[in-house]
Amino acid sequence: MSLWKKGLKELSDLIQSKEVKPSEVVSAFVERASELEPKINSYVTDLSQQAVEEAKKKDEELAKAESIPPLFGLPVAIKDNISTKGIKTTCSSKILENYIPQFDATVITKLKEQGYVITGKTNLDEFAMGSSTENSAFFTTKNPWDYTRVPGGSSGGSAAAVGAGIVPAALGSDTGGSIRQPAAFCGVVGLKPTYGRVSRYGLVAFASSLDQIGPITRKVEDAALLMNVIAGKDPRDSTSVDREVPDFLSYTGKDIKGIKIGLPEEFFVEGLDPQIKEIVLNAVRQLEKEGAEIIEVSMPTTKYAIEAYYIIAPSEASSNLARYDGVRYGYRAKDYKDLEEMYSKTRDEGFGAEVKRRIMLGTYSLSSGYYDAYYLKAQKVRTLIYQDFMNAFEKVDILATPTTPDVAFKIGEKTDDPIQMYLSDIFTVSVNMAGVPGISIPCGFKDGLPVGLQLIGKPFDEGTLLQVAHRYESLSGLSDKFPGE
Ligand code: GLN
């Protein structure tokens, strides 16, 4: 089998046993990228050539080394809102178009300690605000299964690259669904860890109480492998949590007998495409045959998740994005008569329409007189959503839902209708609001386009998600499916 069809873990085993060299692995993906990247446009900064050179150095190190870490010599792509020292980190925004960080995000430091090879920085919706990559200031990434459709967003570049086999794994970030929704649209695995599980140090902040970095991979075991590396307390991020990090790989391969899986009735209602519903329920029935117990649950407040999210996330964004003022970072307007005009012109010219919409929404919700009516109320709803999850988890171990209400939509289909765009996250945002972990894995196709099954877990129980996801994956065989074959 061609090397580019293999997952991270399989490649890791081949390098560990010295059956293949890092340069062979990296070249296989770079070759695949040279064919498909011009069609898909997943990279904002394509580092393929640098990766080939880097991999050759790894070959030499490997020849001398007695033992190497699991990710040694393996190619990984990074979403372009994760800071990489000496490499442009644009957030797909004009305002950071030429910004080169002077430091690495903690997840990057950890990957470097493993000896990974970066293949490129991937495209996203500007500052991770969006669901399609159409909000990128540079270009729209195409879905590898159908070039007329979006790859999802905001980690669309990462998901499209993995889906196309350009790279075996990538990092994304998820504030309201940005790892899981594009993973579902591109037919790959995407895991949003528990809030606090992975350090956010060096992740460009969008909504700090919701943002998490996580893996987008071809196979479930690859997500486990990456989690083993990136999870853990970081003194540089006070919201990261000091919890034991288990060996996530040890959960893959276990049976699922007796695991209780909840089906929240609110996630199977109108708005969900009937074919998607059938495909997802079919997947759940397969898990039942494997010995899982299926239990219906109700989570009545989750239906307000989108409304509350679109108060809380923009509020935090309006504050986080205040730092882009033309003084310290990136772009500055050319002509201005005084400081105030410099600020306002810089921000007017530097930010795209969706980012401006969020800043205005957020500023409005936080202003005196509206704070109680909007921001505070949304926070109360958030607490109720959290309680819904905790009540459900008294009865079940995990929850199963569709990841998205439908498959990847056409490029341009929702750009004029922000509400329709926001609704594509209807099944993912409540997971961020509650801070719990969620994974999306491929569970079938509708009209040739991938469908995602979302599994949601208890706080810090990514292990059980990986266990059930892995079981399903080995039954379905879907991780071996590539577009165009
Ligand atoms: N699509 C959602 C939004 O636009 C979520 C984005 C994300 O998770 N970064 O805010």
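How each quantity is defined
Residues numbered from 1 in each chain as written. Predicted model: local features only at pLDDT ≥ 70, side-chain atom pairs only at ≥ 80, totals over all residues. Heavy atoms only, no water. Helix = DSSP H or I, 4+ residues; strand = E, 2+ residues; numbered from the N terminus. Rg over C-alpha atoms; globule rule 2.2 N^0.38 Å. Buried < 20%, exposed > 50% of the residue type's maximum accessible area, 1.4 Å probe, protein only. Contact = heavy atoms within 4.5 Å. Areas by Shrake-Rupley, 256 points an atom, 1.4 Å probe, with all protein chains shown as cover. Lys, Arg positive; Asp, Glu negative; His and termini not counted. Charge placed at Lys NZ, Arg CZ, Asp CG, Glu CD. Salt bridge = Lys/Arg side-chain N within 4 Å of Asp/Glu carboxyl O. Near = heavy atom within 4 Å. Polar contact = N/O pair within 3.5 Å; in protein donor to acceptor, adjacent residues only side chain to side chain. Nonpolar A, V, L, I, M, F, W, Y, C, P; charged D, E, K, R; others polar. Pairing = 2+ DSSP bridges. Axes fitted to C-alpha atoms, helices over the stretch in contact; angles between N-to-C directions. Core = buried A, V, L, I, M, F, W, Y, C linked by side-chain atoms within 4.5 Å.

### Digging into the overall build of the protein chain
Tallying secondary structure elements over the protein chain gives 15 helices and 11 strands in all. The globule rule puts the C-alpha radius of gyration for 485 residues at 23 Å, and the 21 Å found for the protein chain is close to it. Considered along the principal axes of its C-alpha atoms, the protein chain spans approximately 65 × 55 × 45 Å. Considering the protein chain as a whole, with its 485 residues, one finds that 63% of them fall into the buried category. Considering only contacts within the protein chain whose residues lie at least 6 apart along the sequence, 76% involve residues at least 24 apart. By element, 49% of the accessible surface of the protein chain is carried by carbon and sulfur atoms, the whole surface being about 18200 Å². A gap of 2 Å separates the mean positions of the 56 positive and 66 negative side-chain charges of the protein chain.

### Notes on the pattern of salt bridges
Under the defined criterion, the tally for this structure stands at 23 salt bridges. Taking the shortest distance from any N to any O, the salt bridge between Arg328 and Asp325 comes out at 3.1 Å. With a relative accessible area of 10%, Asp325 lands in the buried category. A salt bridge links Lys446 to Asp406, with the nearest nitrogen and oxygen atoms 3.0 Å apart. Here Lys446, found in strand β10 (residues 438-446), pairs with Asp406, found in the loop between β9 (398-402) and α13 (418-423); they are 40 residues apart in sequence, far enough to count as distant. In this structure Lys446 comes out as buried when scored by relative accessible area, which is 9%.

### A closer look at the site of the ligand
The ligand sits among 15 residues. The nearest are Gly176, Ser178, Tyr309, Arg358 and Asp425. Note that an oxygen atom of the ligand is positioned 2.7 Å from one of the backbone N or O atoms of Thr175. Gly177 is positioned such that a nitrogen or oxygen atom in its backbone is 3.2 Å from an oxygen atom of the ligand. Out of a free accessible area of 290 Å², the ligand has 100% covered by protein chains. Of the residues belonging to the shell around the ligand, the class tally is 5 nonpolar, 7 polar and 3 charged.

### Examining the environment of Leu453
By secondary structure assignment, the location of Leu453 is in strand β11 (residues 449-457). Residue classification places Leu453 among the buried positions, given a relative accessible area of 0%. Sequence spacing of Leu453 and Ser440 is 13 residues, and the spatial spacing of their C-alpha atoms is 5.4 Å. Not counting residues within four places of it along the chain, the set of residues in contact with Leu453 comprises Val280, Ala283, Ala400, Thr401, Thr403, Ile439, Ser440, Ile441 and Cys443.

### Some points on the sheet that holds strand β6 (residues 212-217)
Pairing within the open sheet is mixed, and its 11 strands lie in the order β1-β3-β2-β4-β6-β5-β10-β11-β9-β7-β8. Unpaired on one side and paired on the other, β1 (43-46) and β8 (293-297) mark the two borders of the sheet. For this sheet, the mean angle separating the axes of adjacent strands, direction not counted, is 30°. With 6 bridges joining them, strand β4 (residues 169-174) and β6 adopt antiparallel strand pairing. Looking at the pairing, Ala170 lines up with Ile216 of β6.

### Some words on the side chain of Lys110
Its place among the elements puts Lys110 in helix α4 (residues 106-114). Although Lys110 is buried, it forms no salt bridge, and the closest oppositely charged side chain is Asp234 at an N-O distance of 7.0 Å. Setting aside residues up to four positions removed in sequence, Lys110 forms contacts with Val229, Ile230, Ala231 and Gly232.

### Examining the pairing of strand β3 (residues 117-122)
The side chains of a regular strand alternate between both faces of the sheet. Counted residue by residue, β3 has 6 buried out of 6 residues, so it is predominantly covered. Pairing analysis gives 3 bridges linking β1 to β3, with the strands arranged antiparallel. Residue pairing for β3: Thr45 is matched across the bridge by Lys121. Here strand β2 (residues 75-79) pairs with β3 via 4 bridges, running parallel. Bridge pairing links Val76 to Ile118 in β3.

### So, the pairing of β11
In terms of residue burial, β11 counts as a mostly covered element, since 9 of its 9 residues are buried. Bridging between β9 and β11 involves 5 bridges; their strand directions are antiparallel. Across the sheet, the residue bridging to Leu399 is Ile456, located in β11. Examined bridge by bridge, β10 and β11 share 8 bridges and lie antiparallel to one another.

### Some words on the environment of Gln50
Note on placement: Gln50 falls in helix α3 (residues 48-64). Judged by its relative accessible area of 40%, Gln50 is partly exposed. Between the C-alpha atoms of Gln50 and Val25, which are 25 residues apart in sequence, the distance is 14 Å. For Gln50, the contacting residues outside a window of four places in its chain are Ile87 and Ile118.

### Quick word on the nonpolar core
Residues Ile78, Ile82, Val107, Ile439 and Leu455 are the most contacted members of the largest nonpolar core, which totals 78 residues. Ranked by residues supplied to this core, first place goes to helix α7 (residues 220-230) with 8 residues. For Ile82, the contacting residues outside a window of four places in its chain are Thr89, Ala105, Val107, Ile108, Lys121, Leu171, Gly172, Gly202, Leu203 and Ile213. By size, the runner-up hydrophobic cluster in this structure holds 44 residues, among which are Ile95, Leu124, Leu321 and Ala378.

### Digging into unusual backbone geometry
Generally, phi is negative for residues other than glycine and the peptide bonds are trans, each holding for most cases. In this structure, the amide linkage connecting Gly153 to the following residue, Ser154, adopts the cis form with an omega of 10°. Checked against the element boundaries, Ser154 lands in the loop between β3 and α5 (156-164). Phi at Asn41 is positive, roughly 55°, even though this residue is not glycine. The phi angle at Phe127 is positive, at roughly 55°, despite the residue not being glycine.

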